[in-house]
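# Coordinate analysis (summary)
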Amino acid sequence: MNILVVRNDKLGDFITALPTLYVLKHHDPANRIVALVAPLNAALAESCDFIDEVIVDGGGDILELAFKIREAKIDASVTLFSNTRIAIAQFLARIPLRIAPATKIAQIFYNRRIKQRRSRVEMAEFEYNLQLARALIADIDLDFPRPLLHFGDRAYKAFCVEYGITRPVVAFHPGFGGSSDANWTLIEYVELVRIAERIDTFDVVMTFGPDEGKLYDEAKALLGEGSRIRMYRSRGSVVDFAQVLSSFKLFISTSTGTYHLASACGCETFTFFADTLFASAARWKSIGEESKQHHYMIPQNPQGRAAMFERVKRELKSRLEEGL
C-alpha cells in the first residue's frame, strides 16, 4: 500500500509525526511510505530509513501540490494536521482513502474523520498522531524504538576537533524562533551556563540557529573575553545539526524544534514549557525516552517564575555534579 503521511509544519511538529511514519512502515515493510513535509524538514525526512519518498510542500499553488501527490499514486493518506489547502489538494489528487482529525471546515474533504479533541490534552501530540495510524490499520503495533533517530559520530568528531572539545558536552540553546510560549531571558541562560561552566567534567556549548546572529552576538558579549564556553552557530540543514547534537550529553532549551530533535536522537534534556495545558509537557513531550526528559513549567507571575528558576539551577547543578 502507498501511504501518504502529511505533517508539513514546523520542525518539532514533524518530529512528533516520526513514530507514525515508523509504525506504518514497520507494520508491513512492503508499504511505501511517502511523507509530505515543509522545506525545512525535507533533509531530515530523507535521512529516515522508514520513509521511502518525500514530497516537499513549499506552500505554493494548490494544483501543483495536487499534481505532486497524484504522481505518487497514493492509496491512502493520514493527515496529522490539516488545513483547507492540504485537504483540497488531496481531494483533487483523488486519493481513495483520506484520514484526518475531524476539525475545522477542512474535514469535509476527507472520507474518514477521527474525533480527537486535542485541546483537552488527553495524550501527547505524538500519541494523537499514532492514533490516526490505527484509524488506517486497526491492528497496528504502535510501539517504536527510543531513540528513533540515529546518526554516526563523524560530524561530532569533526565538531570536537574544530571547537577543542575533549569532554562530554552540555549544551544550552537560548533561541526558539517564535515557536515556544515560554522561555528564560538570555541573561538567565547565561546564569545557567555559569553553573555548568564551574563543573570541570564537562565542556559547555551555547548553540544558535543560522538566523540567530543577533542573539549569538549578545550572548558572546554577556560571557565576555576569556570564557571557556564554546559558541556554536549551526550551519547547513537540520540533519547537519542533528549529527552534532546527537552526541551531546545534555541539551537545555525551551520547548522548540531543537528540543524535539535532541530528545529524538537520545540526548538527555532540560526543557522549559509555558504554564498552560495547551503548551505543556503533557501535550508536547518528546518522542524520546521519558526518563531522559526533565520538564519545567514556567509560571507567568514573577514570584512563581523566580521560584522555578531557582529550582532549575539547583537541579541542573545536582545532575551535573552526579555526572548525569
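Just above, that's the structure.
Residues numbered from 1 in each chain as written. Predicted model: local features only at pLDDT ≥ 70, side-chain atom pairs only at ≥ 80, totals over all residues. Heavy atoms only, no water.

### Some details on the packing of aromatic side chains
One pair of aromatic rings is described through two measures. These are the centre distance and the angle between the planes. Here the structure, examined in full by the defined rule, presents 17 aromatic pairs. Arranged with centres 5.9 Å apart and planes meeting at 85 degrees, the rings of Phe126 and Phe144 form a pair that is edge-to-face. Of this pair, Phe126 sits in helix H6 (residues 125-136) while Phe144 sits in the loop between H6 and helix H7 (154-163), and the two are 18 residues apart along the sequence. Exposure class is identical for Phe126 and Phe144. Each is buried. (Phe/Tyr/Trp six-rings, centres within 6.5 Å; stacked < 30°, edge-to-face > 60°. Helix = DSSP H or I, 4+ residues; strand = E, 2+ residues; numbered from the N terminus. Buried < 20%, exposed > 50% of the residue type's maximum accessible area, 1.4 Å probe, protein only.)

### With respect to the sheet that holds strand S11 (residues 268-274)
Pairing is parallel in the open sheet, where 6 strands are placed in the order S9-S8-S7-S10-S11-S12. The two strands at the open ends of the sheet, each matched to only one other strand, are strand S9 (230-233) and strand S12 (293-298). When the angles between neighbouring strand axes are averaged without regard to direction, this sheet yields 20 degrees. The pairing of strand S7 (residues 169-173) with strand S8 (residues 203-208) spans 4 bridges and is classified as parallel. Within S8, the position partnered with Val170 by the bridge is Val204. Across the sheet, H7 is in contact with S7, S8 and S9; its angle to S9 comes to roughly 130 degrees. Lying on the sheet, helix H13 (residues 302-321) is in contact with S7, strand S10 (250-254), S11 and S12; it crosses S12 at an angle near 165 degrees. (Pairing = 2+ DSSP bridges. Axes fitted to C-alpha atoms, helices over the stretch in contact; angles between N-to-C directions. Contact = heavy atoms within 4.5 Å.)

### Description of the pairing of strand S1 (residues 2-6)
Moving residue by residue along a regular strand, the side chains alternate between the two faces of the sheet. Where burial is concerned, most of S1 is hidden: 5 out of the 5 residues are buried. Of the two faces of S1, the one carrying Asn2, Leu4 and Val6 and the one carrying Ile3 and Val5 are both buried. In terms of strand pairing, S1 meets strand S2 (residues 32-37) through 5 bridges, oriented parallel. Across the sheet, residue Asn2 finds its bridge partner in S2, namely Arg32.

### Things to note about the sheet that holds strand S5 (residues 97-101)
Taken together, 6 strands build an open sheet; the order of strands is S3-S2-S1-S4-S5-S6 and the sheet is parallel. In this open sheet, the two strands that pair with only one neighbour each are strand S3 (53-56) and strand S6 (112-114). In this sheet, neighbouring strand axes are inclined to one another by 20 degrees on average, regardless of whether the strands run parallel or antiparallel. Bridge count between S5 and S6: 3 bridges; the pairing is parallel. Bridge pairing in S6 links Ile99 to Arg112. On top of the sheet, helix H2 (residues 18-27) reaches S1 and S2; it is set at about 165 degrees to S2, its chief contact.

### Re the environment of Ala76
With respect to the helices and strands, the residue Ala76 is situated in strand S4 (residues 76-79). Look at Ala76 and you get buried, because its relative accessible area is 1%. In sequence terms Ala76 and Ile86 are 10 residues apart; their C-alpha atoms lie 14 Å from each other. Non-local contacts of Ala76, meaning those with residues more than four positions away in its chain, are made with Met1, Asn2, Ile3, Leu4, Ile95, Leu97 and Leu136.

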